[in-house]
Amino acid sequence: MNTSLRLLLRILGISALIAGGVAVAIVAFLAAILLGPLVFWLAWNVLDFASAVGLPELGFWGIVLATLFLVAGWPGKVLITGVVFLVEPSWFHGAAEVHWPAPTFRNFIAVALLAALASRPHARAYKRTAR
């Protein structure tokens, strides 16, 4: 086999490996972006946790903002609150009668899903150290 053909095959092999890695990274990123709001929508609207605590169901942007709020760290939460206050300050003037949800299995699953979303950013706060 001649050396130029061997070099071309090596380059194509490395390129395919890099392209595959990039494709996997993009799919993982899109799954994370789409999975968070889907889990929140399932807990809040489908499992009806909103009415269980006395709050209204949320539309698309409400679900996206609430998911980002749960997943973001403290600076992200401050940024989201500031943007919401600047864009639509009337959101903070709404009144709701929030109450403790009934102890049902459906509410337990909804709380577990929301807790899983909320606990994710705190998982990276703990660094493993060699002992």
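This is a predicted model, so every value here is computed, not measured.

What counts, and at which threshold
Residues numbered from 1 in each chain as written. Predicted model: local features only at pLDDT ≥ 70, side-chain atom pairs only at ≥ 80, totals over all residues. Heavy atoms only, no water. Helix = DSSP H or I, 4+ residues; strand = E, 2+ residues; numbered from the N terminus. Buried < 20%, exposed > 50% of the residue type's maximum accessible area, 1.4 Å probe, protein only. Contact = heavy atoms within 4.5 Å. Areas by Shrake-Rupley, 256 points an atom, 1.4 Å probe, with all protein chains shown as cover. Axes fitted to C-alpha atoms, helices over the stretch in contact; angles between N-to-C directions. Parallel < 35°, antiparallel > 145°, perpendicular 65-115°, else oblique. Nonpolar A, V, L, I, M, F, W, Y, C, P; charged D, E, K, R; others polar. Expected span 1.5 Å × (residues − 1). Core = buried A, V, L, I, M, F, W, Y, C linked by side-chain atoms within 4.5 Å. Phe/Tyr/Trp six-rings, centres within 6.5 Å; stacked < 30°, edge-to-face > 60°. Lys NZ or Arg CZ within 6 Å of the ring centre and 35° of its normal.

> Which residues make up the overall build of the protein, and what values do they have?
Helix and strand counts for the protein stand at five helices and zero strands. In sequence order, the protein lays out its α and β elements as α-α-α-α-α. Counting all 131 residues of the protein, 19% fall into the buried class. Within the protein, counting contacts between residues at least 6 apart in sequence, those at least 24 apart form 62% of the total. Carbon and sulfur atoms make up 74% of the accessible area of the protein, which amounts to about 10200 Å² in all.

> Describe in detail the packing of helix 3 (residues 60-71) against helix 4 (residues 74-87), supporting the description with residues and values.
Helix-helix packing: each pair is described by the crossing angle between the helix axes and the interaxial distance. Here helix 3 crosses helix 4 at 150°, and the two axes come no closer than 8 Å. When the interaxial angle is binned, helix 3 and helix 4 end up roughly antiparallel. Contacts between helix 3 and helix 4 involve L65, L68, F69 and L70 from the former and K77, I80, T81 and V84 from the latter. Looking at the contact of helix 3 with helix 4 residue by residue, the classes come out as six nonpolar, one polar and one charged.

> Any chance you could break down helix 3 for me, citing the residues and the numbers?
For helix 3, built from twelve residues, the straight-helix expectation of 16 Å at 1.5 Å per residue is met to within 8% by its first-to-last C-alpha distance of 17 Å. For helix 3, the complete set of buried residues consists of I63, V64, A66, T67 and L70.

> Go over unusual backbone geometry, please, and point to the residues and values.
Most peptide bonds take the trans configuration, and most residues that are not glycine carry a negative phi. With a phi close to 60°, D48 is a non-glycine residue in the positive phi region. Along the chain, the position of D48 falls in the loop between helix 1 (3-46) and helix 2 (49-52).

> Would you mind going over the nonpolar core in detail, with residue names and values included?
Grouped together as the largest cluster of nonpolar side chains are 15 residues, with contacts concentrated most on F40, W44, F49, L70, A110, L114 and L117. Only helix 1, helix 2, helix 3 and helix 5 (105-123) provide two or more residues apiece to this core. Considering each element in turn, this core owes the most residues, four residues, to helix 1. Among residues more than four places away in sequence, those in contact with L117 are G36, V39, F40, L70 and V71.

> An account of the packing of aromatic side chains is requested, with residue identities and associated values reported.
One pass over the full model with this rule turns up four aromatic pairs. Note on F40 and W44: the rings are 5.6 Å apart at their centroids and 15° apart in plane angle, and the pair reads as stacked. Linking F40 with W44, this pair stays in helix 1, spanning four residues, or about one helical turn. Neither residue differs from the other here; F40 and W44 are each classed as buried. Geometrically, the ring pair formed by F60 and W61 is edge-to-face, given 4.9 Å between the ring centres and 75° between the ring planes. For F60, a relative accessible area of 57% translates into the label exposed. Grouped by ring-pair contacts, the aromatic residues F40, W44 and F49 constitute a single cluster. The cationic tip of K77 hangs over the ring face of F69; the distance from NZ or CZ to the ring centre is 5.5 Å.

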